[in-house]
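# Overview (structure and organization)
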Amino acid sequence: MRTQRQVVDYSLQKRALLRDVHNGKIGTLEVCDASPYLKNAARFHGEPTDERCPICRRDNLTLVHYIYGDELKQSAGQARKLAELPVLAMTLREFQVFVVEVCQSCAWNHLIEQYLLGRDALTADELDKGAAAVAASASGRHRETGSSSHRREGRQ
């Protein structure tokens with residue numbers, strides 16, 4: 001995504017946590033603690049991945065994108081589909097996205113990435129092109145699709 005900036009990747013934290021789980025220092029009940037709200041967000045707003053759960057290895061992980069920002073007002077803290085983020089990025093100045101991976105079988109969950117989105121990072125030329133894309137998307141002539149490749153690492 002063009003306006004994505006200040007990316008924080010939590011892959012090292014995830015690897016350290018999984019190493020501790022596999023060595024027996026941390027129990028699986030401590031890391032498989034997804035709340036019912038997070039599991040529902042994964043079911044209704046999540047993006048499926050091809051990566052298996054590192055704990056139970058039964059199901060593939062699902063990515064959930066939570067958004068936060070002053071301009072969002074009462075929408076802050078909501079889970080959104082990946083396809084909605086480019087439209088929001090063109091209409092809002094700045095907001096933060098937290099990406100959490102979730103296993104719906106064993107309740108494993110981990111913060112894998114966070115980043116900023118918004119039109120503050122765009123030049124005037126890019127803003128004009130983005131406004132046209134948002135207008136086309138709103139009228140149904142153009143559908144924005146999200147990238148299916150994500151880093152899938154980190155712990156909250």
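Residues numbered from 1 in each chain as written. Predicted model: local features only at pLDDT ≥ 70, side-chain atom pairs only at ≥ 80, totals over all residues. Heavy atoms only, no water.

## Quick notes on the overall build of the protein
Secondary structure assignment for the protein yields five helices and six strands. Listing every helix and strand of the protein by position from the N terminus yields β-α-α-α-β-β-β-α-β-β-α. With 156 residues in all, the protein has 42% of them scored as buried. Of the contacts made within the protein by residues no fewer than 6 positions apart, 68% connect residues no fewer than 24 positions apart. (Helix = DSSP H or I, 4+ residues; strand = E, 2+ residues; numbered from the N terminus. Buried < 20%, exposed > 50% of the residue type's maximum accessible area, 1.4 Å probe, protein only. Contact = heavy atoms within 4.5 Å.)

## Describing unusual backbone geometry
Non-glycine residue Lys-73 carries a positive phi angle of around 55°. Mapped onto the fold, Lys-73 is located in the loop between β3 (60–68) and β4 (78–80).

## Details of the nonpolar core
Residues Ile-67, Leu-85, Phe-95, Val-97 and Leu-117 are the most contacted members of the largest nonpolar core, which totals 14 residues. Breaking this core down by element, the ones donating at least two residues are β3, α4 (85–91), β5 (95–102) and β6 (109–117). In this view, Val-97 contacts His-65, Tyr-66, Ile-67, Leu-85, Glu-113, Gln-114, Tyr-115 and Leu-117; residues no more than four positions away in its chain are not counted. Membership of the second largest hydrophobic core comes to twelve residues, among which are Ala-41, Ala-42, Val-100 and Leu-111. (Core = buried A, V, L, I, M, F, W, Y, C linked by side-chain atoms within 4.5 Å.)

## As for the pattern of salt bridges
Overall, the coordinates contain four salt bridges when judged by the stated rule. Here Glu-51 ties to Lys-14 by a salt bridge, and the two come within 3.3 Å at their closest N and O atoms. Remark: Lys-14 occurs in helix α1 (residues 11–22) and Glu-51 occurs in strand β2 (residues 47–52); sequence separation between them is 37 residues. Look at Lys-14 and you get buried, because its relative accessible area is 3%. Residue Glu-84 is joined to Arg-80 by a salt bridge in which the shortest nitrogen-to-oxygen separation is 3.3 Å. Owing to a relative accessible area of 15%, Arg-80 belongs among the buried residues under this scheme. By sharing partners, the salt bridges in this structure join Lys-14, Glu-51 and Glu-101 into a single network. (Salt bridge = Lys/Arg side-chain N within 4 Å of Asp/Glu carboxyl O.)

## Observations regarding helix α3 (residues 36–45)
Listing the buried residues of α3 in full gives Leu-38, Ala-41 and Ala-42. One side of α3 carries all its buried residues, which in axial view fall inside an arc of 100°. Residues of α3 that are exposed and point more than 90 degrees away from the buried face comprise Pro-36, Tyr-37 and Phe-44. The inward-facing, buried residues of α3 abut β3, β4, β5 and β6. (Arc of directions from axis to C-beta.)

## A look at the state of the cysteines
Applying the stated criterion to the full structure yields zero disulfides. Of all cysteine sulfurs, the one in Cys-56 lies closest to Cys-103, which takes part in no disulfide; the gap is 3.6 Å. (Disulfide = S-S within 2.5 Å.)

## Side note on the environment of Cys-106
Mapped onto the secondary structure, Cys-106 falls in the loop between β5 and β6. Overall, the relative accessible area of 16% leaves Cys-106 in the buried class. For the pair Cys-106 and Ala-34, spaced 72 residues apart in sequence, the C-alpha separation works out to 8.6 Å. Excluding anything up to four places from it in sequence, Cys-106 contacts Cys-32, Cys-53, Ile-55, Cys-56 and Arg-58.

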